[in-house]
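# Chains, contacts and geometry: an overview
For reference, the chains in residue letters:
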Amino acid sequence: MDKIRCLGCMQEYDSSMEYCPVCGSAKEFEQPEPYFLRVGTILENRYVIGKALSGGKFGITYLAYDLGADRKVVIKEYFPTDFASRMPGQNEISTYDGEKEKQFESGLRAFIEEATSLMNLSNSISSVAAVLDVFVNNSTAYSVAEYIDGLPLSKVLSNGILQWSDFSQIIEPLLQSLALIHSKGIINYNISPDNIIMTRDRQVKLLSFGGSKLATSGSNINLNVITKKGYSPVEMYREDITPDPSVDVYSIAAVMYYAITGIVPPDAVERSNNDTLKAPLELGIDIPENVNNAIMNALNVNRQYRTPDCETFLNELNSTGSVKRVIEEKKKDYSGKLGKKSKIIIVVAIIAAVAAIVSIVLVKATIDNKTTTTAVSSDTLKDYREHNLNDVQSELDEIDEEYDLKIKYKYQIDTKLKDDKKIIRKQLVKPDGETDLNKIKSITFTVTVPPVEMQNFIGKSSSETKKWLVDNGFDADNIHFSSVRSNAYKTGTVLSQSISIGAEITDFNKEFYFETAQNYTTTTRPPATQRRRSSGSNRKRSSGKKSGGSKSSGGKSSGGSSSGGLGFN
């Protein structure tokens, strides 16, 4: 009986069945985003693209099948959405013009170099998913990594904490692998329990590095878009940081802290203002003192006092002697004695401040005497939960104006809601009828709304399009425009959109892609967004065929069937 391979999970099943009995995928299905490579696309005449596992600002990760080695693999495609785009149904990537084109090229080189380095290290780094292949196609680059069968550490830990005696046996090989990788100048920047897999034989494997994270100009790296609360050090929240192994040291220490205490460390930015993190021993966790101090040293907020690298961290964890706890020093505002002149200035300032306070009190007392006093009950916050925001919006606006509050709204989509209902589900300030509005600075409401219907933006300006999407709750960073040589509309007008008109959008993290007109004359050179790159040194335009594949400069097929199943006899 004929078998087909499900491209949702890569398991074989009877071709007479309409759905995969393992994962439930249909024989034919589409990717979650139209700019992803189509299911069934074949790269290098060898790798069959399956469902997309994830997609972000730097690239897309796909489940795939290696026909040559007869095994499941994971393929990462370099695709920085800030610098490039791809039209639905095509394989070739188009880069944006000017400086963004240079940034794309810089990141592309870094992706290839990093993936190649990791591939060369694969036999020496047992705790990191091995890179098996690196190649260029579709005007971009791909890395092929082994598929790891297991559970994310985040799911393992959801069942309870791990004893240090057990956890140390599986985490130390990972630290050894990281130390070797760091020695080659490669930093992960993205370590958390979500991308550490525990296998059936209780080994751990770190899944992702990805040179696409280096897609920025120069040696500094903008990483604030991939920060993970509790696991990212404070320097990752800045615009640019210098590559440093201590970034990964902080993240792996945060994973260890969570594994043995069950507590995710507070966000690093919060800790930099008020550090309340308690050491594991303070929480009653049974670990050696040197391990306790080693973990806390690695979790120091200030990089100056943090454990500098994985090798030092390992030495402290395995130390037979005592490990000194490194405490961050707080800078004093001044030192030494005050001079006579300084003392006089301070006394004068104090007198002036007291006089000002007295004046304010007297003025307020005068106003209070002339104004009818309002009962405290009228100044208290009502419970707005389960109210339609449309019904109470004017009341909230009056509160905002009268009490000088900052009212914020967080929107979530509820597919059960219809029409224009906006239901307030939560309010951050406790709705107990006792909260004095004069004593709070802001209120945050969580509001559920119906799915958003995609509008027809063709013929509208890019600014009008972006404003509508932002006003309806979508992130401005997820709205992308690229120009196309056209005189159909005036420059800046939308020509095409990645999401169909009338489609229901149920995710506020949705990415939007639009092509806008770039007017030209007969002597105008096509803009860079229309100049395709081949995998070789020459440039050429994609064939644009929707099936059958386009040819790379190497002559290998980069296209493939859009079917969700690949037949095997």
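Note that this is a predicted model, so its numbers are computed, not measured. (Residues numbered from 1 in each chain as written. Predicted model: local features only at pLDDT ≥ 70, side-chain atom pairs only at ≥ 80, totals over all residues. Heavy atoms only, no water.)

### Focus on the pairing of strand S16 (residues 442-449)
Successive side chains on a regular strand alternate, one facing one side of the sheet and the next facing the other. By the criterion of burial, S16 is predominantly enclosed, with seven of the eight residues buried. Pairing of strand S14 (residues 406-413) with S16 involves eight bridges; the strand directions are parallel. By the bridge assignment for S16, Lys-410 is matched with Thr-446. Of the pairings in the sheet, the one linking strand S15 (residues 423-427) to S16 comprises four bridges and is antiparallel in character. Its bridge partner lying in S16, Gln-427 is registered against Phe-445. (Buried < 20%, exposed > 50% of the residue type's maximum accessible area, 1.4 Å probe, protein only. Helix = DSSP H or I, 4+ residues; strand = E, 2+ residues; numbered from the N terminus. Pairing = 2+ DSSP bridges.)

### Section: the packing of helix H6 (residues 289-298) against helix H7 (residues 310-317)
Where H6 contacts H7, the axes come no closer than 8 Å and their chain directions differ by 155°. Here H6 is positioned roughly antiparallel relative to H7, judged by the angle of their axes. From H6, Asn-290, Val-291, Ala-294, Ile-295, Asn-297 and Ala-298 reach across to H7, where they touch Phe-313, Glu-316 and Leu-317. The class makeup of the residues in the contact of H6 with H7 is six nonpolar, two polar and one charged. (Axes fitted to C-alpha atoms, helices over the stretch in contact; angles between N-to-C directions. Parallel < 35°, antiparallel > 145°, perpendicular 65-115°, else oblique. Contact = heavy atoms within 4.5 Å. Nonpolar A, V, L, I, M, F, W, Y, C, P; charged D, E, K, R; others polar.)

### A look at the confidence of the model for the chain
When pLDDT is averaged along the chain, the result is 80, and 77% of the positions lie at 70 or above. Low pLDDT (under 50) marks residues 369-377, which in the prediction has one contact with non-local residues, meaning those over four places away or in another chain. Throughout residues 522-569 the model reports pLDDT below 50, and contacts reaching past four residues in sequence, or to other chains, amount to 125 contacts. (pLDDT = per-residue confidence, 0-100.)

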